[in-house]
Amino acid sequence: MRIAHLTIGVLSLAAFLATGFWMHFYFPGAYGGDGAMRMSFRSAHCYILYAGLLNLLIAAHLAPAKGGARRALIAAGSIPIIACPVLCVIAFCVEPGPKMFEG
């Protein structure tokens, strides 16, 4: 699980940089001055960073489990944490579209 957390953490930081570049170069014309949409994109961008850093921290401190029950418990806790950055990237790409804020 340690290697999975490390890999996802590094990929999440790369996704954070990619979304940052996208927001810097493309986003000013895309949001059209709508503050709510800008805040939604920025928060999703920060969540990608937080999820990636969480995975890196877990990778740095995760010790191999000795017992079968403990190993299963670590796996059950690691799966949602590993899935979190993936879901955050999907949320960045899909959720805060312009039609979301139209009243």
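Above this text is the structure in question.
Parameters at a glance
Residues numbered from 1 in each chain as written. Predicted model: local features only at pLDDT ≥ 70, side-chain atom pairs only at ≥ 80, totals over all residues. Heavy atoms only, no water. Helix = DSSP H or I, 4+ residues; strand = E, 2+ residues; numbered from the N terminus. Buried < 20%, exposed > 50% of the residue type's maximum accessible area, 1.4 Å probe, protein only. Contact = heavy atoms within 4.5 Å. Areas by Shrake-Rupley, 256 points an atom, 1.4 Å probe, with all protein chains shown as cover. Phe/Tyr/Trp six-rings, centres within 6.5 Å; stacked < 30°, edge-to-face > 60°. Axes fitted to C-alpha atoms, helices over the stretch in contact; angles between N-to-C directions. Parallel < 35°, antiparallel > 145°, perpendicular 65-115°, else oblique. Left-handed = near helix turned anticlockwise from the far one by under 90°. Nonpolar A, V, L, I, M, F, W, Y, C, P; charged D, E, K, R; others polar. Core = buried A, V, L, I, M, F, W, Y, C linked by side-chain atoms within 4.5 Å. Expected span 1.5 Å × (residues − 1). Patch = residues over 30% accessible without salt bridge, like charges linked within 9 Å, V, L, I, M, F, W, Y side chains within 5 Å. Salt bridge = Lys/Arg side-chain N within 4 Å of Asp/Glu carboxyl O.

A few points about the overall build of the protein
Scanning the protein from N- to C-terminus turns up 4 helices and 0 strands. Out of the 103 residues in the protein, the part that is buried amounts to 25%. For the protein, the proportion of contacts with a sequence separation of at least 24, taken over those separated by at least 6, is 81%. Carbon and sulfur atoms provide 72% of the accessible area of the protein, an area that totals close to 6,700 Å².

Quick word on the packing of aromatic side chains
For any two aromatic rings, the description comes down to two numbers: the centre-to-centre distance and the angle of the planes. Under the definition given, this model contains 4 aromatic pairs. Ring centres of Phe21 and Phe25 lie 6.4 Å apart, and the angle between their planes is 15°; this geometry places the pair in the stacked category. With Phe21 and Phe25 both in helix 1 (residues 2-25) and 4 residues apart, the pair spans about one turn of that helix. For the pair Trp22 and Phe41, a centre-to-centre distance of 5.5 Å together with 35° between the ring planes defines the contact as tilted. With Trp22 in helix 1 and Phe41 in helix 3 (residues 35-61), this pair connects stretches of sequence that are 19 residues apart.

Regarding the packing of helix 1 against helix 4 (residues 68-94)
Packing of helix 1 against helix 4 brings their axes to within 10 Å, and their N-to-C directions diverge by 15°. Relative to helix 4, helix 1 is oriented roughly parallel. The crossing of helix 1 and helix 4 is left-handed. Side by side, helix 1 and helix 4 meet where Ala4, His5, Ile8, Ser12, Ala15, Thr19, Trp22 and Met23 of the first sit next to Ser78, Ile81, Ile82, Pro85, Val89 and Phe92 of the second. Across the contact of helix 1 with helix 4, the residue classes break down as 10 nonpolar, 4 polar and no charged.

Structural notes on the nonpolar core
If you look at the biggest cluster of nonpolar residues, it comprises 10 residues: Ala15, Met23, Phe27, Met37, Phe41, Ala44, Ile48, Ala51, Cys88 and Phe92. Elements supplying a minimum of two residues to this core: helix 1, helix 3 and helix 4. For this core, the leading source of residues is helix 3, giving 5 residues.

Quick word on helix 3
A rise of 1.5 Å per residue sets the reference length of helix 3, with its 27 residues, at 39 Å; its end C-alpha atoms lie 39 Å apart and thus fit the reference within 8%. Listed in full, the buried residues belonging to helix 3 are Met37, Ser40, Phe41, Ala44, His45, Ile48, Ala51, Gly52, Asn55 and Ala59.

Observations concerning a nonpolar patch on the surface
Together, Val86, Leu87, Ile90 and Val94 make up a nonpolar patch on the protein surface, roughly 380 Å² of accessible area in all. Locating Val86 in the fold gives a position in helix 4. Val86 sits in the partly exposed class, given a relative accessible area of 44%.

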